[in-house]
Each structure stands twice: as C-alpha cells, then as structure tokens.
Amino acid sequence: MSSNSPAAEAARRRTFAIISHPDAGKTTLTENLLLAGGAIRAAGQVRARGENRRTRSDWMKIERERGISVSASVMTFDHDGLMFNLLDTPGHEDFSEDTYRTLTAADAAVMVLDAAKGIEPQTLKLFEVCRLRDIPIVTFINKMDREAQDPFALLDEIASKLALDPAPLYWPAGSGGRFKGMLDLRRNRFLPFAKPSADGHGHPGPVAFQSNAIVTHLDPDEQGELEEGAMLVQEAAKPFDPQSFLEGHMTPVFFGSALRHFGVDQLLEGLGAYAPPPKAVAAARGGEGTHIAPGEKEVTGFVFKVQANMDPNHRDRIAFLKLCSGRFTRGMKLKVQNTGRQLSVNAPVMFFASDRELAEDAFAGDVIGIPNHGVLRVGDSLSETGTVRFAGLPNFAPEILQRVRVKDPLKAKHLKKALEGLAEEGVTQLFRPQMGADFIVGAVGQLQFEVMADRLANEYALEVIFEPSPYAEARWLGGEKADLEDFMGKHRSAMATDIDEQPVFLAKSAWEIGYVSERYPKVRFERTKERA
Ligand code: G4P
C-alpha cells in the first residue's frame, strides 16, 4: 500500500493509449514499451499471452483469423518512479466506437506512423477523436529500418493534415538499409542503430556528435547530411514547448524502429517527462457543475468499457473503471450514480502487464477491473457518495441495422437475454420495434455482426441468422414531450426502444430523416446519445 497522498500518487500516473492505422506497428510498439518499462523480459510475451487467452476464449478466433485486435485492455507497469497505464485500443475501423470510449480514459496518446506511409485514414480519424477530447499527442515515426519517406515530408504532413506543430526531439540518419541511428537534438549526441547482422542484443551507447568516435558510425557524407538536416529542422520547426503540447497545438516527434527496439526507451522517457498526469475532470455533483481533482478525498471514476467472459470459467463481466480521484482500496463500497446501487469492490483487478493481480489500492489515472454480473454499464459513474456524475460516454447511431433470428425457435427467450447482455457491454445496440416481435441489432461495422454471431454461438449456444432489415438509419429523439408524442403517434410502425427504453426512430433511408426533420422541426433526430 502506498503511503503517499492521492494527489502525489496521481501525479506519478501516466495513462495513455496508442493510436495508429492497422499495421503501423502498434502491437510491436506496445510490446517494446513493456520491455523498455521492465514489465516483460523478452519480446514475444505479449503475443504469447494473447495466444493463451485466445485458446481459452473461442470467440476471439475471429481476432486470430483476421489478425486484428477486437478487444481493448490495459497494461500497467511501474518504471522510473512512474506508474504507466497503457490502454490498448482495437485498430480495426469497425471498432471505432470502442476505441473512442477507450480514448475517453486516456490522458495522452502516442500516434504511431509508418515512416513509409505517413498519416493514414485511421490515424486521422483517431487523431480527430483525441483533438475533440483535448488529448495531447506524442508522435512516434516507426519502421525507420525500412525505406522511409523524407522526414521533412513527414513533418509537413503532420502540420498540414493535423494542423499540429511537429517538434522533433530526435533527427534520423537515413532509413532502410542506410538507417544509421538518430541525433538527440536536445543533448547533441548520436544514438547509433545496430545493424541487423549484429548479435541483436542492444544498440551501441550514445556518442557525442562532435567527437571523433562518430566516425565508427557515420561516414563523412552521412555525418554532413545529418548535420545539415538537423540544422535545417531546428530552423524550420518551432522548439518543443511542453505547454503548447498539453494544449494540443504541438506534438513532440520521436523516430525509431519498434521491431528492433530502437527509439523506444527514448519514447518512454519522453512520455514520463512530458505526458500529463490525470487532470481535474468536469462532472456534476448533486446536480451542480464542478471539476473533480485527482487529489480529492472521495473516490470517483467512470466505466469506459465492459468486457464479458474474459475468463469463460466464470461467467462474469469486467467493467473497466477509470479512477478520477481519491485512494481506492480493496473492499471499498462504491455507488452507481444513476441507479443508486451500491457495490462492494472486493476483487478489483489491476492489469499488470505480467498478469492479472488483485489491486490493494489505486489512484486517479489508474484503471481497475471490477467483476460484476451486469450491474455496471459503459458510461456509469461510480463514487463513494453516489452523487458524482461524469459526462456521459456517447452511443453512436449504428450504420448497419439487421434483423436477428435464432435458428431454434424454442430458444427465442435466450436470445433476448443474450442480445441484452451484448448491448450492455456496448458491443452492439439493440432495438425493439414497437410492432412485431423482431429484434433489430445495430452496429457501426459489419465485423461486429460476425463477432456477435460467434459469441452468441460460443458463449450462449445460440445459432443465429442475421437478415437484412428494412431500416438504414436510427435516431434518438429529443424535444418537448407533447411534440415527441405527436411524432411517435404518427410513426408507430417506425418506432422502437433501445436498451434503456429510450425511443428511437428507425428510418428506411437518410432521405427519410431529412424529410421528417423538415416536417417536425420541434423534434430533434440525434445521431448520438449520452446515457442519462
Ligand atoms: P499493428 O498492431 O499496428 O497492426 O502492427 P503490428 O505491430 O502487428 O506490426 C505490423 C507489421 O509491421 C508486423 O509485421 C511487424 O513485425 C512490422 N513492424 C512493426 N514495427 C516495425 C519496425 O519498426 N520495423 C519493421 N521493419 N517492421 C515493423 P508482419 O510481417 O505483418 O507480422 P509478423 O509476422 O512480424 O508478426
């Protein structure tokens, strides 16, 4: 147990996520950050652990077959006096909603770019989410051991596509077969990159750039080129300003090769030095707007993710709670703000990279897993008094709506329960039309239906069939009661309720939404819903 104050403990937390386009190297970087942080001893463990988990959990077959990571988790490691919490976000675009929610729990993000490809579509999307939530971004330009774009062009791309000032802290010497290492621009020393043919254990230590020793690593041309590049970039780029970074105007840029464990220690050092500890979070306490500071006495937090059956032997669900204040200790009682339900958190789980461990205490910035049986939902606010509410996490209007049917009609009842379970996790959304007995399932991407079918079969022994539904769009309704009732009365056949019994309008086309919006100007047709 820590004897430090909650404020002091929070100050040494660094909770961050990695955002990237698939294949840029997020998994490899995650693994190498854990290696750099001393959380694992050899590369390969993250994958190996993943494999173990997968063999235990059948539905993740899809993940293995498709080579994508479907579920997000968190990895905690203690390094250099700091506690790092790395939130893993799924990379596939179908899971952007899940990723979005995970990012709400991050205090900073590392944006990984493939040095040959620069900013890719998914990088941009995720970046926009970070910007929306004022999450500061650290850039890691990966795969320098492969043929890369000109580093100046990469910086230009960051500046023009993201409207972000890039501030390189290092500058690379070549790339691909000619990659020799990088210059530490702040300390003016060169970090040599060991050739792949070297024995593979570590890279040579830093050498002063102006020293004679540099000739062992760079020939005169390379040295000249690096010197010129470094000079140019220092003239052209604004110097790194930590405040501007925290405000989201600037990104410190690191270079490296995650695969060859080069530049990763420097990135981790940079995160420790510049990434912010958790800050005060906007909330309502007893209905009054306020900010909850990490050092406050009362333990508070919000659930940003719920994951079922991480351990199929226990049919539990784990709710991931991001702590926002106080000293959480095991056995503590916390109340759910919107339902008033109290729960004793006797078996919280912290996700140390090495394995799951029982948490004795935890502080703002940390994420704890709370096993529960459907009590906790995504977006729930928890606190000791039960009076604190953090701004809701949004649900997004699904982009695909399908009808779901179970092959064995005797199992229709089970289907309802199973669908509700998955909807509570926030995996898919469930709509119950007012007329007819069908269920309509909505998701932001096609892949979610496959994951769902797989999970229904494996976890609930239900063979289901998805069929096209007549609907293309779903909108939550907002407005005065009388106006809503008028609208709903006239559109009974297109009305449904969601899992919270909120009314939802199901439209056959986007055009229809436009049409009803014009005819019912007092009714709002909303694309997102924040749970009350
Ligand atoms: P992701 O999670 O962002 O999707 O990417 P991941 O780490 O899985 O990396 C994608 C591919 O890029 C992998 O190769 C990985 O080995 C490679 N890679 C990652 N970082 C670097 C790097 O710094 N340099 C080089 N040269 N390659 C890198 P793969 O062949 O698709 O997978 P695998 O067979 O190696 O697992």
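Calculation rules
- Residues numbered from 1 in each chain as written.
- Predicted model: local features only at pLDDT ≥ 70, side-chain atom pairs only at ≥ 80, totals over all residues.
- Helix = DSSP H or I, 4+ residues; strand = E, 2+ residues; numbered from the N terminus.
- Buried ≥ 20, exposed ≤ 12 C-beta atoms within 10 Å, placed from the backbone.
- Contact = placed C-beta atoms within 7 Å.
- pLDDT = per-residue confidence, 0-100.
- Core = buried A, V, L, I, M, F, W, Y, C linked by C-beta atoms within 7 Å.
- Axes fitted to C-alpha atoms, helices over the stretch in contact; angles between N-to-C directions.
- Parallel < 35°, antiparallel > 145°, perpendicular 65-115°, else oblique.
- Left-handed = near helix turned anticlockwise from the far one by under 90°.
- Nonpolar A, V, L, I, M, F, W, Y, C, P; charged D, E, K, R; others polar.
- Pairing = 2+ DSSP bridges.

Focus on the overall build of the protein
Link 1 in the chain: Per the secondary structure count, the protein includes 14 helices and 34 strands.
Link 2 in the chain: Put simply, the protein has 532 residues, and 46% of those count as buried.
Link 3 in the chain: Taking contacts inside the protein between residues at least 6 apart in sequence as the whole, the part at least 24 apart equals 71%.

A word on the environment of Phe209
Link 1 in the chain: Checked against the element boundaries, Phe209 lands in the loop between strand S10 (207–208) and helix H8 (220–236).
Link 2 in the chain: In this structure the C-alpha to C-alpha distance between Phe209 and Glu485, which are 276 residues apart in sequence, comes to 74 Å.
Link 3 in the chain: The residues contacting Phe209, other than those within four sequence positions of it, are Leu183, Asn188, Arg189, Phe190 and Ile214.

Some thoughts on the confidence of the model for the protein
Link 1 in the chain: Per-residue pLDDT for the protein has a mean of 86; in total, 86% of the residues score no lower than 70.
Link 2 in the chain: When the criterion is pLDDT under 50, residues 47–72 qualifies, and its contacts beyond four places in sequence or with other chains add up to 38 contacts.
Link 3 in the chain: Interface confidence for the predicted complex, expressed as ipTM, amounts to 0.97; the pTM equals 0.81.

A short note on the nonpolar core
Link 1 in the chain: Core analysis: the biggest nonpolar cluster contains 101 residues, and Phe16, Ala109 and Leu321 have the highest contact counts within it.
Link 2 in the chain: Ala443, Leu456, Val464 and Met495 belong to the second largest nonpolar core, which has 33 residues in total.

Things to note about the packing of helix H11 (residues 412–425) against helix H12 (residues 446–460)
Any two packed helices are characterised by the angle at which their axes cross and by the distance between the axes.
Link 1 in the chain: Where H11 contacts H12, the axes come no closer than 11 Å and their chain directions differ by 120°. With respect to H12, the element H11 is oriented oblique. As for how H11 packs across H12, the hand of that crossing is right-handed. Along its contact with H11, which presents His414, Ala418 and Leu422, the element H12 presents Met452, Arg455, Leu456 and Tyr460.
Link 2 in the chain: Considered class by class, the residues forming the contact of H11 with H12 number five nonpolar, one polar and one charged.

A word on the sheet that holds strand S7 (residues 170–173)
Sheets are built from strands that pair by backbone hydrogen bonding, the pairs being arranged parallel or antiparallel.
Link 1 in the chain: Spatial ordering of the open sheet is given by S7-S8-S9-S10, a layout of four strands whose pairing is antiparallel. Edge positions in the sheet fall to S7 and S10, since each has one partner strand and no second.
Link 2 in the chain: Note that strand S8 (residues 181–184) and strand S9 (residues 189–192) share four bridges and pair antiparallel. Directly across from Leu183, in S9, lies its bridge partner Phe190.
Link 3 in the chain: Taken strand by strand, H8 contacts S7 and S8, and its axis lies near 150° from that of S7.

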